[in-house]
Amino acid sequence: MKLSLHLASIMSAALAFGATAQAQELKEIKFLSSNDGSCSVYPQFAMQAFGYLEKEGYKLTLLSSDTSVPYVAFLSNGDADVSMLDASETLTARAQGQDVKVVYETHQFAPEGIVVLADSPIKDLKELKGKTVGLAEQPDEITTQIALDTVGLTLADVTTFVVGNKGPVMAAALRDKTIDAFAGGSSDRAAIEAQGVVFRNITPDAISRNPGNSLVVWGPTLEEKRPMIQAMVRAWAAAQAAGPLDIKAVAAACREYIPEQFENIDMGIKMISYSAYTTQLRRTFNAGDLQPDVWSSIQPAYIKAGVITAEVDPSTFLDTSFQKGIREITTEYVKEGINKWKADHPDKLIN
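On a predicted model such as this, the values are computed, not experimentally measured, just so you know. (Residues numbered from 1 in each chain as written. Predicted model: local features only at pLDDT ≥ 70, side-chain atom pairs only at ≥ 80, totals over all residues. Heavy atoms only, no water.)

**As for the environment of Arg226**
Alright, step 1. Turning to its location among the elements, Arg226 is positioned in helix α10 (residues 226-245).
Alright, step 2. On the basis of relative accessibility, which here comes to 23%, the residue Arg226 falls in the partly exposed class. (Helix = DSSP H or I, 4+ residues; strand = E, 2+ residues; numbered from the N terminus. Buried < 20%, exposed > 50% of the residue type's maximum accessible area, 1.4 Å probe, protein only.)

**Some words on the sheet that holds strand β6 (residues 132-135)**
Alright, step 1. Pairing is mixed in the open sheet, where 5 strands are placed in the order β7-β6-β8-β5-β9. Only two strands of the sheet have a single partner each, and these edge strands are β7 (159-162) and β9 (199-201). Pairs of neighbouring strands in the sheet enclose a mean axial angle of 30 degrees, with direction left out of account.
Alright, step 2. The sheet contact formed by strand β5 (residues 113-117) and β9 spans 3 bridges and is antiparallel. Directly across from Val116, in β9, lies its bridge partner Arg200.
Alright, step 3. The sheet strands contacting helix α6 (residues 140-149) are β5, β6, β7 and β8 (181-184), and the helix crosses β6 at an angle near 140 degrees. (Pairing = 2+ DSSP bridges. Axes fitted to C-alpha atoms, helices over the stretch in contact; angles between N-to-C directions. Contact = heavy atoms within 4.5 Å.)

**So, the side chain of Gln280**
Alright, step 1. Take Gln280: it is sitting in the loop between α12 (265-279) and α13 (292-297).
Alright, step 2. With a relative accessible area of 1%, Gln280 lands in the buried category.
Alright, step 3. In this structure the side chain of Gln280 is engaged in a polar contact, spanning 2.7 Å, whose partner is the backbone oxygen of Ser40.
Alright, step 4. Non-local contacts of Gln280, meaning those with residues more than four positions away in its chain, are made with Ser40, Val41, Tyr42, Pro43, Thr106, His107, Trp236, Gln240 and Ser275. (Polar contact = N/O pair within 3.5 Å; in protein donor to acceptor, adjacent residues only side chain to side chain.)

**Focus: the sheet that holds strand β2 (residues 58-63)**
Note: strands within a sheet are paired through backbone hydrogen bonds, in either parallel or antiparallel orientation.
Alright, step 1. Taken in spatial order, the 5 strands line up as β2-β1-β3-β10-β4 in an open sheet, and their pairing is mixed. With one partner strand each, in any of the chains shown, β2 and β4 (100-107) form the two edges of the open sheet. Mean inter-strand twist for the sheet, computed between neighbouring axes without regard to direction, equals 30 degrees.
Alright, step 2. Along the sheet, α10 contacts β1 (27-32), β2, β3 (82-85), β4 and β10 (213-218); its crossing angle with β4, the most-contacted strand, is approximately 15 degrees.

**Structural notes on the packing of helix α11 (residues 247-257) against α12**
Alright, step 1. Across the interface, α11 lies against α12 with an axial gap of 10 Å and an inter-helix angle of 115 degrees. Here the hand of the crossing between α11 and α12 comes out right-handed. Between α11 and α12, the residues in contact are Ile247, Lys248, Val250, Ala251, Cys254 and Arg255 and Ile265, Ile269, Ile272, Ser273, Ala276 and Tyr277, respectively.
Alright, step 2. Classifying every residue of the contact of α11 with α12 by side-chain character gives 9 nonpolar, 1 polar and 2 charged. (Left-handed = near helix turned anticlockwise from the far one by under 90°. Nonpolar A, V, L, I, M, F, W, Y, C, P; charged D, E, K, R; others polar.)

**A closer look at the state of the cysteines**
Alright, step 1. This structure, assessed with the given rule, holds 0 disulfides.
Alright, step 2. For Cys39, which is in no disulfide, the shortest distance to another cysteine sulfur is to Cys254 and amounts to 3.5 Å.
Alright, step 3. We classify Cys39 as buried; its relative accessible area is 0%. (Disulfide = S-S within 2.5 Å.)

**Observations regarding the nonpolar core**
Alright, step 1. The biggest cluster of nonpolar side chains holds 55 residues, and the ones touching the most others in it are Phe50, Tyr52, Tyr104, Leu215, Met232, Trp236 and Ile272.
Alright, step 2. Tallying contributions element by element places α10 first for this core, with 11 residues.
Alright, step 3. Every residue in contact with Leu215, bar those within four places of it in the chain, is listed here: Phe31, Val82, Ser83, Met84, Lys101, Val102, Val103, Tyr104, Thr106, Met232, Val233 and Trp236.
Alright, step 4. Listed in part, the 28 residues of the second largest apolar core include Tyr71, Val72, Val216 and Leu290. (Core = buried A, V, L, I, M, F, W, Y, C linked by side-chain atoms within 4.5 Å.)

**Considerations on the packing of aromatic side chains**
Alright, step 1. A complete count under the given rule lists 6 aromatic pairs for this structure.
Alright, step 2. Between Phe31 and Trp236, the aromatic rings sit 5.7 Å apart at their centres with planes inclined by 75 degrees, giving edge-to-face as the arrangement. Separated by 205 residues along the polypeptide, Phe31 in strand β1 and Trp236 in helix α10 bring together distant segments of the chain. Take Phe31 and Trp236: they sit in the same class, and that class is buried.
Alright, step 3. Through pairs of rings, three or more aromatic residues link up here, namely Phe50, Tyr52, Tyr333 and Trp341.
Alright, step 4. Taking NZ or CZ as reference, Arg226 lies 4.6 Å from the ring centre of Phe322, over its face. (Phe/Tyr/Trp six-rings, centres within 6.5 Å; stacked < 30°, edge-to-face > 60°. Lys NZ or Arg CZ within 6 Å of the ring centre and 35° of its normal.)

In structure tokens form, the structure reads like this:
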């Protein structure tokens, strides 16, 4: 009788454990990042490493950013739950009547820009007239056009062509003076730096005051996916805050996901630092706050560049309903996740 009771207790405990494990099974968030293979978008890895997303009851599936399909299509057809769109993509989608909603501004300083070699005689954008500008991708022509417009130049005043976004190729184009300047995003510039090329950014600050990337969802499914979206933005806010709090811990954690970006440790840390202290630095009172005034101020340039034909009311695509949950994230909570990872991975730390 005692043996039977003992076996029954074991079976009962096993069933209870199985039920608990099943109840705690993480739900999936399908996320389309601006670059799934770069630690320049460090929160997508830090939120996983430091447990912020897991505590919300979710796990992240990173979709390949190497696609020719418009990012907004992934949202409309349900292949992505959350996507990272730049301002151009967001405004274009809204102008075409696509019901996208911005729920969090990840980059409140545009990562796109124009750079020249550190020892280049070119000091500002005006001096690009008659020069050749290499592009990481074709969409970077829009950035170039808007930047040139600030100094009275047009694309007709320069020669542009797509160099590609492979580090050695971009670096060689600058180093060999195949191009006089390069237009691309922060991950592109990090890849160039990794090749030992030193450059200067000649992009005006006015161009960089732009929601360079935001977390965007599909409006018709927003309510259905509200718990998921709330989990995502809370985890992102925590992970984003982790950068300035402990840059080396973030770099060490990211190295576990993308080790090739840390073959040169100093360059890897520099890349993370640029993201944490420049492109993804919180520039509003709360993390990810939506800025309707900025969204309005950038639109004339996009109209002039032919991206959109008329201004779009920011109130039709900015959704602030997730901000309360974001404000609940504390510094202590962020540190807790960092410290746990460091304690669990003492052999992975960067000194």
